[in-house]
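# Remarks on the overall topology
Chain by chain, the residues run as shown.
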Amino acid sequence: MTIALVTPVFSQAIWKLGVDGSFGTAARWNPASVPNQFDNVVIKKEGHYKVSIASDYTINNLTIGNSATYSQGVTLEVSHSVLQVNGGKILNTGVIQLDKIGGATDSSLLIGGDTTLTGGGSYGGLYLGGPSGGGASSIGTVPGFAGTATFKIINNLIGGSGQIGDANMKIVNQGQIDAWGGVLTLDTGANAIINGGELSAGPSATLKIESTLSNSGNVEAGVGGTITMLSNVINS
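Residues numbered from 1 in each chain as written. Predicted model: local features only at pLDDT ≥ 70, side-chain atom pairs only at ≥ 80, totals over all residues. Heavy atoms only, no water.

### Here we look at the overall build of the protein
Summing up its helical and strand segments, the protein has 0 helices and 24 strands in all. For the protein, contacts bridging at least 24 residues in sequence account for 51% of all contacts bridging at least 6. In the structure as shown, the protein presents an accessible area of about 10300 Å², 51% of it carried by carbon and sulfur atoms. (Helix = DSSP H or I, 4+ residues; strand = E, 2+ residues; numbered from the N terminus. Contact = heavy atoms within 4.5 Å. Areas by Shrake-Rupley, 256 points an atom, 1.4 Å probe, with all protein chains shown as cover.)

Spelled out as structure tokens, the structure:
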């Protein structure tokens, strides 16, 4: 008996116009269908606008943002929902905003394998709890994920409050992770957190690092900020 292996075919789902709208509205996309796990989502039309997610969605890869003329002009707001990215690539020169709504179902970004967040420079940011922090949003692996998924941050900012990591994640930071608006926890269980970028805490905020930190970058609390180390630090 011969077993045929089927290779998934991935398509692009492109946001059509530079205007506000719901991620779940098929007419906003080209082709006119709500993106799914076989789609590479592209939200790049020039302008200042927000694409809102209010239900759980799974996609392959994500590209968001536009030129420096519209710095942080595009916002993808995930409210009271889960966005799952399985393909391993998040190219962000806009804003990805994980808002806190309350309760046990605060917004989450889940990764389905090794994933790189890149593309930002001074323009891109992924904000937990909204742009001012104050939330309990999270970044983690897909429930039931077997093994360890590396979440690599390159030239991008993750800021706010909530949690990054779980027992199946390894964090490699070559960008900036900044606590503001409350407590931001980095917890990857027995997996080390590797920092070659910057870990910081803003005024009245706490960055809590619960796993071993392998550090060749900067770790700095600003005025009124606190960094709490709850495991070993290996400096190189």
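### Observations concerning the environment of Q84
Looking at the secondary structure, you find Q84 in strand β9 (residues 82-85). When the C-alpha positions of Q84 and I59 are compared, they lie 6.2 Å apart, and in sequence the two are 25 residues distant. Residues within four places of Q84 in sequence aside, it is in contact with Y57, T58, I59, L110 and V142. Within the local environment of Q84, its side chain forms a polar contact with the side chain of N86, the two groups lying 2.9 Å apart. (Polar contact = N/O pair within 3.5 Å; in protein donor to acceptor, adjacent residues only side chain to side chain.)

### Here's the deal with the pairing of strand β1 (residues 11-15)
Regular strands place their side chains on alternate faces of the sheet. For β1 and strand β4 (residues 39-43), the ladder comprises 4 bridges, and the chain directions are parallel. Across the sheet, the residue bridging to Q12 is N40, located in β4. Two strands pair when backbone bridges link them, and β1 and strand β3 (residues 29-30) are joined in this way by 2 bridges, in the antiparallel orientation. Within the sheet, the bridge partner assigned to W15 lies in β3 and is W29. (Pairing = 2+ DSSP bridges.)

### Some thoughts on the pattern of salt bridges
The full count for this structure, using the stated rule, is 2 salt bridges. Between E77 and K50 there is a salt bridge, and its shortest N-O distance comes to 3.6 Å. Linking E77 in strand β8 (residues 74-79) with K50 in strand β5 (residues 49-53), this pair joins segments that are 27 residues apart in sequence. Note on E77: relative accessible area 13%, which makes it buried. Residue classification places K50 among the partly exposed positions, given a relative accessible area of 32%. When the shortest N-O distance is used, the salt bridge between K208 and E210 registers 3.5 Å. Since its relative accessible area comes to 26%, K208 is described here as partly exposed. (Salt bridge = Lys/Arg side-chain N within 4 Å of Asp/Glu carboxyl O. Buried < 20%, exposed > 50% of the residue type's maximum accessible area, 1.4 Å probe, protein only.)

### Re the nonpolar core
Counting 45 residues, the largest nonpolar core has I43, L83, I139 and I164 as its most contacted members. At 6 residues, the largest contribution of residues to this core is made by strand β17 (residues 169-186). When near neighbours in sequence (up to four residues on either side) are disregarded, I139 contacts L98, L109, L126, L128, F151, I158, Q163, I164, G165 and M169. (Core = buried A, V, L, I, M, F, W, Y, C linked by side-chain atoms within 4.5 Å.)

### Examining the side chain of N61
Examined against the element boundaries, N61 turns out to sit in strand β7 (residues 61-64). Polar contacts involving the side chain of N61 include one to the main-chain amide nitrogen of G88, which spans 3.3 Å. When residues no more than four places from it in sequence are discounted, the contact partners of N61 are D39, N40, V41, V85, G87, G88 and K89.

### Brief notes about the side chain of S200
Tracing the sequence through the fold places S200 in strand β19 (residues 198-201). Taking the relative accessible area as the measure of exposure, S200 reaches 6% and is therefore buried. The residues contacting S200, other than those within four sequence positions of it, are Q176, I177, D178, A179, L207, E220 and I227.

### A short note on the environment of L76
Structurally, the position occupied by L76 is in strand β8. As a C-alpha pair, L76 and Y49 span 27 residues in sequence and 8.9 Å in three-dimensional space. Discounting chain neighbours no more than four positions away, the residues touching L76 are F23, I43, V51, I53, L62, I64, L83, V95, I96 and Q97.

### Side note on the packing of aromatic side chains
For the structure on display, the rule yields 5 aromatic pairs. Relative to F38, the ring of F10 has its centre 6.4 Å away and its plane inclined at 40°; by these criteria the two rings are tilted. Placement of F10 in the segment before β1 and of F38 in the loop between β3 and β4 is noted, with a sequence separation of 28 residues between them. Overall, F38 belongs to the partly exposed group, its relative accessible area being 39%. Put simply, the rings of W15, F23, W29 and Y57 pair up and form one aromatic cluster. (Phe/Tyr/Trp six-rings, centres within 6.5 Å; stacked < 30°, edge-to-face > 60°.)

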